[in-house]
Amino acid sequence: MMGMNPRQMKKLMRQMGIKMEELDGVKEVIIRLENREIIIRNPAVTVITAQGEKSYQIIGPEEVRAVVSIPEEDIKLVMEQTGVDYDTAKKALEEAEGDLAEAILKLSGE
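So, here's what we can say about the structure. (Residues numbered from 1 in each chain as written. Predicted model: local features only at pLDDT ≥ 70, side-chain atom pairs only at ≥ 80, totals over all residues. Heavy atoms only, no water.)

A short note on the overall build of the chain
Move 1: The helix and strand tally for the chain stands at four helices and six strands.
Move 2: Put simply, the chain runs from its N terminus to its C terminus through helices and strands in the order α-β-β-β-β-β-β-α-α-α.
Move 3: Relative to the 2.2 N^0.38 estimate, which gives 13 Å for 110 residues, the radius of gyration of the chain is 23 Å and therefore markedly larger than a compact globule would have.
Move 4: Across its three principal axes, the chain shows a C-alpha extent of roughly 65 × 25 × 20 Å.
Move 5: Burial statistics for the chain: of 110 residues in total, 18% are counted as buried.
Move 6: Summarising the internal contacts of the chain: among those between residues at least 6 apart in sequence, 35% fall at separations of at least 24.
Move 7: Surface summary for the chain: the accessible area is close to 8,600 Å², and the carbon and sulfur share equals 50%. (Helix = DSSP H or I, 4+ residues; strand = E, 2+ residues; numbered from the N terminus. Rg over C-alpha atoms; globule rule 2.2 N^0.38 Å. Buried < 20%, exposed > 50% of the residue type's maximum accessible area, 1.4 Å probe, protein only. Contact = heavy atoms within 4.5 Å. Areas by Shrake-Rupley, 256 points an atom, 1.4 Å probe, with all protein chains shown as cover.)

A few points about the sheet that holds strand 4 (residues 44-50)
Move 1: Spatial strand order, 1-4-5: three strands in an open sheet with antiparallel pairing. Each edge of the open sheet carries a strand with a single partner, namely strand 1 (18-23) and strand 5 (53-59). The mean angle between the axes of side-by-side strands here comes to 20°, regardless of whether they run parallel or antiparallel.
Move 2: Summarising the sheet, strand 4 and strand 5 pair through seven bridges and their orientation is antiparallel. Pairing of I48 across the sheet is with S55, part of strand 5. (Pairing = 2+ DSSP bridges. Axes fitted to C-alpha atoms, helices over the stretch in contact; angles between N-to-C directions.)

Remarks on the layout of surface pockets
Move 1: As a volume, the largest pocket reaches approximately 200 Å³.
Move 2: The set of elements that each furnish at least two residues to the lining of the largest pocket consists of strand 6 (62-66) and helix 3 (86-95).
Move 3: Of the residues that constitute the lining of the largest pocket, the class distribution is three nonpolar, no polar and five charged. (1 Å grid on protein atoms, 1.4 Å probe; cavity = no way out; pocket = protein on both sides within 12 Å on 5 of 7 lines; lining within 4 Å. Points joined across faces, edges and corners; volume = space filled by probe spheres on them. Nonpolar A, V, L, I, M, F, W, Y, C, P; charged D, E, K, R; others polar.)

With respect to helix 3
Move 1: Every buried residue belonging to helix 3 is among A89, A92 and L93, and all of these are buried. All buried residues of helix 3 lie within an arc of 100° about the axis, which places them on one face of the element.
Move 2: Taken together, the buried residues of helix 3 touch helix 2 (72-82) and helix 4 (100-108).
Move 3: Of the residues that open helix 3, the one with a side-chain oxygen 3.3 Å from the backbone nitrogen of D87 is D85.
Move 4: Of the residues trailing helix 3, E97 is marked for its positive phi of about 55°. (Arc of directions from axis to C-beta. Polar contact = N/O pair within 3.5 Å; in protein donor to acceptor, adjacent residues only side chain to side chain.)

Comments concerning unusual backbone geometry
Move 1: A positive phi angle, close to 50°, is found at N42, a residue other than glycine.
Move 2: Tracing the backbone through its elements, the reader meets N42 in the loop between strand 3 (36-41) and strand 4.
Move 3: With a relative accessible area of 63%, N42 lands in the exposed category.
Move 4: Even without a glycine there, the phi angle at E97 is positive, about 55°.

Topic: the side chain of T46
Move 1: Within the fold, T46 resides in strand 4.
Move 2: On the accessibility criterion, T46 (7% relative accessible area) is buried.
Move 3: Within the structure, the side chain of T46 is placed 2.8 Å from the side chain of E22, a separation counted as a polar contact.
Move 4: Not counting residues within four places of it along the chain, the set of residues in contact with T46 comprises M20, E21, E22, S55, Y56 and Q57.

In structure tokens, the structure reads:
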């Protein structure tokens, strides 16, 4: 198959029942794992259908981010200590990777 031109390749794939399609307008792909996320922004995504099964090929730069589980009581404590709303408290804790003191200091402006 090396040296085969794209037209021949498409014809061969069609004969084998393989269909390839580019997905347009994909902004990001997120793969969520137990303790981290892999984020691929502005990826090129190709859907390959063979024998009724779909496979996705994703190409693009990746960013790996740790996922921190924030207990509700920690969010409530930050809300009480700083007077912010739920979402702001949760975001501060996520950015501080669950560190209560750091989140409170950040929101207190210290």
